[in-house]
Amino acid sequence: MFYCRANTKDNKQRILEILKQGELVSGEAISKELGISRNAVWKQVQNLKDLGYEISAETKLGYLLTSVPDFLYPFEIWPHLKTKKLGQAIYWDYELTSTNDKARELARQNALEGTLVLAETQSKGKGRRGRNWESAPAQGIYMSLILRPVAPLAKASPYTFLGAYAVLRFCLLRGLLTKVKWPNDIYVNGKKISGVLLELSATGQDISYLVLGIGLNVNQRSFPVDICATSLFLETDKTCSRNAVLTELLLYLEEGYKRLSQDTTWLIELMKEHSLLLGKEVVVSGGLELEGVAEDIASDGALLIRAKDNELVKVYAGDVSVREKNKVSNK
Ligand code: ATP
Ligand code: BTN
């Protein structure tokens, strides 16, 4: 489903609003209020049931909403969303191959800046270099935002950090020991909780659009044994409302995005302050092969590594791992 917040609410949303007032309401009362037939009301109630809302229908008495599904439907998000631009248009599907792929398709069709793509699960959720992103149904947040900054391609890389910034801020506010592993991973207590995948399209030397994909583990109780991952639930022992997490992230993303259009220094500084890599001996692989000490993050977002021969090398892409016991650590 694709919804724009500015558009008039459809009958399904209006019926949902009535039912959310929590009282038993007759089909006749709804049909009068909306100016539609009782049969049309019944059809929309069936629609809502198909979306997972539990609605008891007692003949003569009316309809009662008894349970709301834990899905990120646009009309469940908007009542909590305080942003002006991000998430004002939302494409939601239960399953997508990848929210990034759908967002790219929509961006090519001129979707507005700030359009948000959400899925409850992804069949081909992707990390960098075609790696898989585990997307357990309705447990995590799998989101992609279409951004259209007016900037040259050379200034695109700090936008990866924007995703990390929002997750970092969210986790730090909960007192979690959070680190950013350049360029795109967020770790809590040494385990990966979130990943960011930035994809871009250019017109000449300028950015045409960016797709900022973020995967955040929220309510997962466990992960496949081969990945060293964690979730907000595992770290806090509390089940979180994904809707509340998402609206908070969007607020940070919007605020950060505005600031980024004027200046990137603050974001680079923050990435340095909470870096998992700086000061550590690292190994770079996947293209450039290099060993050295991660010394700094440059103003253009590159990782600066002091190589064994004392040369300072700028790394723009690649896999960087901490040498220590061949394991990533945030200690
Ligand atoms: P790098 O540090 O170089 O980015 P990475 O191993 O983290 O390397 P990425 O491409 O960034 O690789 O992320 C994909 C990897 O993340 C997967 O190979 C897997 O190990 C891990 N992963 C997959 N799904 C999840 C998830 N839901 N939560 C945490 N980690 C995951
Ligand atoms: C990484 O760690 O390499 C990045 C993982 C990014 C995962 C998110 S989930 C939402 C969006 N859709 C994708 O297919 N990937 C990103």
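I will try to describe carefully the structure that is included in this document. Within each chain, residues carry numbers counting from 1 in the order of the written sequence. For this description, chains carry letters from A and ligands carry numbers from 1, given in the order in which they are written. Totals for whole chains, interfaces and linings use every residue, but because this is a predicted model, local features are given only for residues with pLDDT of at least 70 and side-chain atom pairs only at 80 or more, for both listing and counting. To obtain the side-chain values, all non-hydrogen atoms of the structure were used and water was disregarded.

### Remarks on the site of ligand 2
The near set for a molecule or strand comprises every residue that places at least one heavy atom within 4 Å of it. Taken together, the neighbourhood of ligand 2 is formed by 21 residues, with Ser-98, Gln-122, Lys-126, Arg-128 and Lys-192 sitting nearest. N or O atoms within 3.5 Å of each other form a polar contact, as long as, within protein, one can give a hydrogen and the other can take it, and as long as residues adjacent in sequence are counted only when both atoms are side-chain atoms. In the model, an oxygen atom of ligand 2 is placed 2.8 Å from a nitrogen or oxygen of the Ser-98 side chain. Separating an oxygen atom of ligand 2 from a backbone N or O atom of Lys-126 is a distance of 2.8 Å. Values of accessible area rely on a 1.4 Å probe in the Shrake-Rupley scheme; residue burial ignores everything except the protein chains shown. Protein coverage of the free-state accessible area of ligand 2, which is 410 Å², stands at 97%. When each cavity is represented as a set of grid points, ligand 2 is found to reside in the largest pocket. Strands are runs of DSSP state E lasting at least two residues, helices are runs of H or I lasting at least four, and both sets are numbered from the N terminus onward. Counting residues per element, the ones that place at least two in the shell around ligand 2 are helix H5 (99-108), strand E6 (141-147), strand E9 (191-203) and strand E10 (206-216). Take the shell around ligand 2: its biggest share by element is four residues, from E9. Residue composition of the shell around ligand 2, grouped by class: six nonpolar, 11 polar and four charged. Two kinds of site are reported from a 1 Å grid over the protein atoms alone, namely cavities, where a 1.4 Å probe fits but cannot get out, and pockets, open sets with protein on both sides within 12 Å along at least five of seven lines, and residues are called lining when an atom falls within 4 Å of a point. Occupancy of a cavity or pocket is assigned to a molecule whenever over half of its atoms lie within 2 Å of that pocket's grid points. The nonpolar class holds Ala, Val, Leu, Ile, Met, Phe, Trp, Tyr, Cys and Pro. Asp, Glu, Lys and Arg form the charged class, and all remaining residues, Gly among them, are polar.

### Quick word on the layout of surface pockets
If you roll a probe as big as a water molecule over the atoms, it shows you where there is empty space left. Grid points are joined across faces, edges and corners, and a volume is the space filled by probe spheres set on the points. There is about 900 Å³ of room inside the largest pocket. Along the walls of the largest pocket sit 39 residues, with Arg-131, Asn-132, Trp-133, Asp-185 and Lys-192 positioned nearest its centre. For the lining of the largest pocket, the secondary structure elements donating two or more residues are H5, E6, strand E8 (185-188), E9, E10 and strand E15 (319-322). Examining the composition of the lining of the largest pocket, we find that four residues originate from one element, E9, more than from any other. Broken down by class, the residue content of the lining of the largest pocket amounts to 14 nonpolar, 15 polar and 10 charged. Here the lining of the largest pocket gathers at least three residues from each of two domains, domain 2 (74-273) and domain 3 (281-322). The space that makes up the second largest pocket amounts to roughly 340 Å³. Residue lining of the second largest pocket: 19 residues in total, with Ser-157, Thr-160, Pro-183, Tyr-316 and Ala-317 positioned closest to the centre. Elements with a minimum of two residues in the lining of the second largest pocket: helix H6 (158-173) and E9. Element by element, the count of residues in the lining of the second largest pocket is highest for E9, at four residues. The domain limits used here are those given by an automatic or database domain assignment.

### Notes on the site of ligand 1
Residues in close proximity to ligand 1 total 15 residues, the closest being Arg-131, Glu-134, Lys-181, Lys-192 and Asn-217. The side chain of Arg-128 places a nitrogen or oxygen atom 2.9 Å from an oxygen atom of ligand 1. One nitrogen or oxygen atom from the side chain of Asn-184 is found 3.4 Å from an oxygen atom belonging to ligand 1. Summarising the interface, the protein chains cover 85% of the accessible area of ligand 1, which totals 610 Å² for the free molecule. Residue composition of the shell around ligand 1, by class: four nonpolar, four polar and seven charged.

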